[in-house]
Amino acid sequence: MARVEAITGNVAVAEAMRAVEPDVIGVYPITPQTIIVEAYAEYVAQGEVGTEFVAAESEHSAMSICVGAAAAGARTMTCTSSQGLALMWEELYIAAGLRLPIVMFDVNRSLSAPINIHCDHSDTMGARDSGWIQIFSENAQEAYDNFIQAVRIAEHPDVMLPVMVMMDGFVISHSIQRVELLDEDKVKKFVGEWKPDYPLLDADHPVTWGSFDGLGGFYFEYKKEQYDALQRAKDVSQEVAKEYAKLSGREYGLFEKYKMDDAEVAIVAAGSTAGTAKTVVDTYRQNGIKAGLIKIRLYRPFPAEEMVEALSGLKAAAVLDRSPGYDVLGGPIFQDIQSALYQSGTSVPLVNYIYGLGGRDVLVSHIEKAYEDILNVAKTGKVDKKVDYLGLKE
Amino acid sequence: MTKWNYKGIKAKDLPKGAVIPEGGTAADYETGGWRTKHPVLDKEKCINCLFCYAFCPDSSVIVENGKVVGFDLKHCKGCGICAFECPKDAINMEDE
């Protein structure tokens, strides 16, 4: 029987980890993720799990440990935040290039400077082209569900790539929510036994990992295959989601469409803000205004075609980015969506809002401001300011 | 296990993650082309102590019946460790 508990997002992730019970965890603590590793260290100390828990001296080492362990053939996990993810930078590319199905939880936190421990998505966005699969979660339940599904997506033979699952720091990681936890034996059955193709520790079949490819080698071809594998993760994520729905009763799409069927204007958002935006949509709907919401889930690979289909026909849309875009083109999600629309020849008046940086509170009034603006764009067909800010102090 | 034919391999058959799926393939990688100097043995001076054999990082000193008979120049990178370690100065590094 599934049990319902009132737990924080971090504990929900630790519970998902415990249910999967990976062979190796290589990790270094960092706020706001620390509670996950603390909780898991306790499970190890109490003998509840047989995981080899390797406490590293930095995130650079933590991800190196994960790369080594995964090459050895171990089911491997880690978690991090902010500067920790930034410090993992070079290993992220190695993990993806070696096609190692490492599963990592990134509790979203802003990047220094100035030092700030609170939520935004700039850490994840810095790794968006590292070759990792990235999945955003709105709340603790989704964090738990996505993390379990990530194991199956990562280890799928058509994919074989590392997966990063995210939730908002503090807003979700430290807030107590209602979470339905599955039976651990059912989770273990769902993820199955991990059988790697070329485990380094199989002494009867010696292999080499990470060899020099040379000037006349196949580097280019490996990168092309890596790209194809990442694209295949889109369909695989949906196969896994369907199977997970049978187990849990909760089904996840590439993204969530909230009241989009007859929507005339819509907001696209990732993370906990989507929850706030849903209440705003409900209020507009009560007043007869056809507002909708698209919540990003699978961010890499970006489901461009499906996103275009969901947006086409709208009179105006706003894309909310919880990370700064330092060029004139706007935030990363906005750039992805704008490119997808342009490539398909679909025209939807689009506005970008940068919001919530460094844990700035995201208020209903901020979301309303975005809807008011796009309702105006829908009326006039004119976009005054392509990239704007929500909740900036005067 | 079938021998992995990497020399004629097509891109579509590459193992995932650039893994080399068998052992002992370093022998096929001919590093002799890196050399600017090669070792020449003076058999008059050589006492067959096999220091050169023990120290060679590329297993390029050929020994038969306990005696140094020559060098594997397909793999010798010309580092000169053999000449440096030789207690009798029996190995001389000569230009290619």
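Everything numeric in this text was worked out from a predicted model, so none of it was measured.

As a further point, take the overall build of chain A. Secondary structure summary: chain A contains 13 helices and 15 strands in total. Taken over C-alpha atoms, the radius of gyration comes to 21 Å for chain A, in line with the 21 Å a tight globule of 394 residues would show. When the backbone C-alpha atoms are referred to their principal axes, chain A occupies close to 70 × 55 × 45 Å. Burial analysis of chain A (394 residues in total) assigns 55% to the buried set. The contacts in chain A between residues at least 6 apart in sequence include a share of 80% that link residues at least 24 apart. When the accessible area of chain A is evaluated, it comes to approximately 16,700 Å², of which 53% is carbon and sulfur surface. The averaged location of the 56 negative side-chain charges in chain A is 7 Å from the averaged location of its 36 positive side-chain charges.

Attention now goes to the sheet that holds strand β2 (residues 24-27) of chain A. Residues and elements named next belong to chain A. Ordered by their spatial adjacency, seven strands build an open sheet running β3-β2-β4-β5-β7-β6-β12, and the pairing between neighbours is mixed. Edge positions in the sheet fall to β3 (52-55) and β12 (298-300), since each of these pairs with one other strand and no more. Across this sheet, the average inter-strand angle for adjacent strands is 20°, counted without regard to direction. The pairing of strand β5 (residues 103-108) with strand β7 (residues 163-168) spans six bridges and is parallel. Following the sheet pairing, Asp106 is matched in β7 by Met166.

A few words now on the state of the cysteines. Under the counting rule described, the total for this entry stands at zero disulfides over all chains. With no disulfide of its own, Cys79 of chain A lies 9.2 Å from the sulfur of Cys66 of chain A, the closest cysteine sulfur. Take Cys46 of chain B: it sits in no disulfide, and the sulfur closest to it among the cysteines is that of Cys52 of chain B, at 6.4 Å.

We now examine the sheet that holds strand β9 (residues 255-258) of chain A. Residues and elements named next belong to chain A. Reading across the sheet, the six strands line up as β9-β11-β10-β13-β14-β15 and stay open at both edges, with mixed pairing between neighbours. Only two strands of the sheet have a single partner each, and these edge strands are β9 and β15 (387-390). Shown here is a sheet whose adjacent strand axes are inclined to one another by a mean of 25°, direction ignored. Both β9 and strand β11 (residues 291-296) contribute to a ladder of four bridges, which runs antiparallel. Counterpart to Glu256 in the pairing with β11 is Lys295. Here helix α10 (residues 273-286) sits on the sheet and contacts β9, β10 (265-270), β11, β13 (316-321) and β14 (350-355); the angle it forms with β11, its principal contact strand, is near 165°.

Quick look at the domain arrangement of chain A now. Residue and element names in this part refer to chain A. Assigned domains of chain A: these are domain 1 (3-191 + 220-248) and domain 2 (255-390). Each of domain 1 and domain 2 has a C-alpha centre, and these two points are 27 Å apart. Listed per partner, the contact involves 29 residues of domain 1 and 26 residues of domain 2. A combined buried area of about 2,200 Å² lies between domain 1 and domain 2, and 55% of that area is made up of carbon and sulfur atoms. Of all residues in domain 1, Phe136, Glu138 and Lys234 bury the most surface against domain 2, accounting for 29% of the area lost on that side. Counting across the domain 1 and domain 2 interface gives six salt bridges. The interface formed by domain 1 and domain 2 includes 17 residue pairs in polar contact (both at pLDDT 80 or more).

In this assembly, 14 residues from chain B lie in contact with 16 residues from chain A. Overall, the association of chain B and chain A removes approximately 1,400 Å² of surface from exposure, summing both partners, and the carbon and sulfur fraction of that is 67%. Between chain B and chain A we count zero salt bridges in total. At the junction of chain B with chain A, the criterion picks out three residue pairs in polar contact (both at pLDDT 80 or more).

Residues and elements named next belong to chain A. Relative to the assigned elements, Arg322 resides in the loop between β13 and α12 (332-344). Exposure remark for Arg322: the relative accessible area of 3% places this residue in the buried category. Here Arg360 takes part through its backbone oxygen, which lies 3.3 Å from a polar atom of the side chain of Arg322.

Turning our attention to the pattern of salt bridges. All names here are of chain A. In total, this model carries 33 salt bridges over all chains according to the counting rule given. One salt bridge connects Glu5 with Arg3, and the closest N-O pair in it is separated by 2.2 Å. For Glu5, a relative accessible area of 27% puts it in the partly exposed group. When the shortest N-O distance is used, the salt bridge between Lys224 and Asp228 registers 2.7 Å. One end of the pair is Lys224 and the other is Asp228, both in helix α9 (residues 219-248) and four residues apart, which spans about a single turn.

Residues and elements named next belong to chain A. Packing of helix α1 (residues 9-20) against helix α8 (residues 184-191) leaves a shortest axis separation of 8 Å and a crossing angle of 65°. Taken together, the axis directions place α1 and α8 in an arrangement best described as roughly perpendicular. Two packed elements cross with a definite hand, and for α1 against α8 that hand is right-handed. From α1, Glu15, Arg18, Ala19 and Val20 reach across to α8, where they touch Glu184, Val187, Lys188 and Val191.

Moving on: the layout of surface pockets. Estimates place the volume of the largest pocket at around 1,200 Å³. Ser211, Phe212, Asp213 and Tyr222 of chain A together with Ile20 of chain B are, among the 40 residues lining the largest pocket, the residues nearest its centre. Those elements giving two or more residues to the lining of the largest pocket turn out to be α5 (89-97) and α9 of chain A. Element by element, the count of residues in the lining of the largest pocket is highest for α9 of chain A, at eight residues. Of the residues in the lining of the largest pocket, the class split is 19 nonpolar, 10 polar and 11 charged. Its boundaries defined by the atoms lining it, the second largest pocket holds a volume of some 590 Å³. Forming the walls of the second largest pocket are 23 residues, and the residues nearest its centre are Tyr227, Leu230, Gln231, Arg300 and Phe302 of chain A. Counting residues per element, the ones that place at least two in the lining of the second largest pocket are α9, α11 (304-311) and α12 of chain A.

Conventions and cut-offs
- Residue numbering note: each chain is counted from 1, following its sequence as written.
- Each chain takes a letter, starting from A, and each ligand takes a number, starting from 1, following the order in which they are written.
- Restriction of local features to residues with pLDDT of at least 70 applies here, the model being predicted, together with a cutoff of 80 or more for giving and counting side-chain atom pairs; totals for whole chains, interfaces and linings are based on all residues.
- Side-chain numbers here rest on the full set of heavy atoms in the structure, without hydrogens or water.
- Helix and strand assignments come from DSSP, with helices taken as H or I runs of at least 4 residues and strands as E runs of at least 2, each series counted from the N terminus.
- To get the radius of gyration, use the C-alpha atoms; to get the globule rule, take the number of residues to the power 0.38 and multiply by 2.2 Å.
- Type-normalised accessible area, obtained with a 1.4 Å probe on protein chains alone, sets the label of each residue: buried when under 20%, exposed when over 50%, and partly exposed for intermediate values.
- Working rule for contacts: check all heavy atoms of both residues, and any pair within 4.5 Å makes them a contact.
- Only the protein chains shown count as cover for residues, and all accessible areas are computed by the Shrake-Rupley method using a 1.4 Å probe.
- When charges are counted, Lys and Arg are positive and Asp and Glu negative, with His and the chain ends excluded.
- Here the site of a charge means atom NZ of a Lys, CZ of an Arg, CG of an Asp or CD of a Glu.
- Here the rule is simple: two strands pair whenever DSSP picks up at least two bridges between them.
- Lines fitted to C-alpha atoms define the axes here, with helix axes fitted over just the stretch in contact, and angles between the N-to-C directions of these axes take values from 0 to 180 degrees.
- Throughout, a disulfide means two cysteine sulfur atoms within 2.5 Å of one another.
- Domain delimitation follows an automatic or database domain assignment.
- Summed over both partners, buried area is the accessible surface (1.4 Å probe) that two parts give up on being assembled.
- In the sections that follow, a salt bridge refers to a side-chain nitrogen of Lys or Arg positioned within 4 Å of a carboxyl oxygen of Asp or Glu.
- Counted as a polar contact is a pair of N or O atoms within 3.5 Å, where, for protein atoms, one must be capable of donating a hydrogen and the other of accepting one, and residues adjacent in sequence contribute only when both atoms are in side chains.
- Note that the term roughly parallel is reserved for angles under 35 degrees, roughly antiparallel for angles over 145, roughly perpendicular for angles of 65 to 115, and oblique for everything else.
- Note on convention: near helix rotated counterclockwise from far helix by under a right angle means a left-handed crossing. Clockwise means right-handed.
- Grid spacing is 1 Å over the protein atoms alone, the probe is 1.4 Å, and a cavity is where that probe fits but cannot get out, while a pocket is an open set with protein on both sides within 12 Å along at least five of seven lines and lining residues have an atom within 4 Å of a point.
- Grid points are joined across faces, edges and corners, and a volume is the space filled by probe spheres set on the points.
- Asp, Glu, Lys and Arg are counted as charged, while Ala, Val, Leu, Ile, Met, Phe, Trp, Tyr, Cys and Pro are counted as nonpolar; the rest, among them Gly, fall into the polar class.

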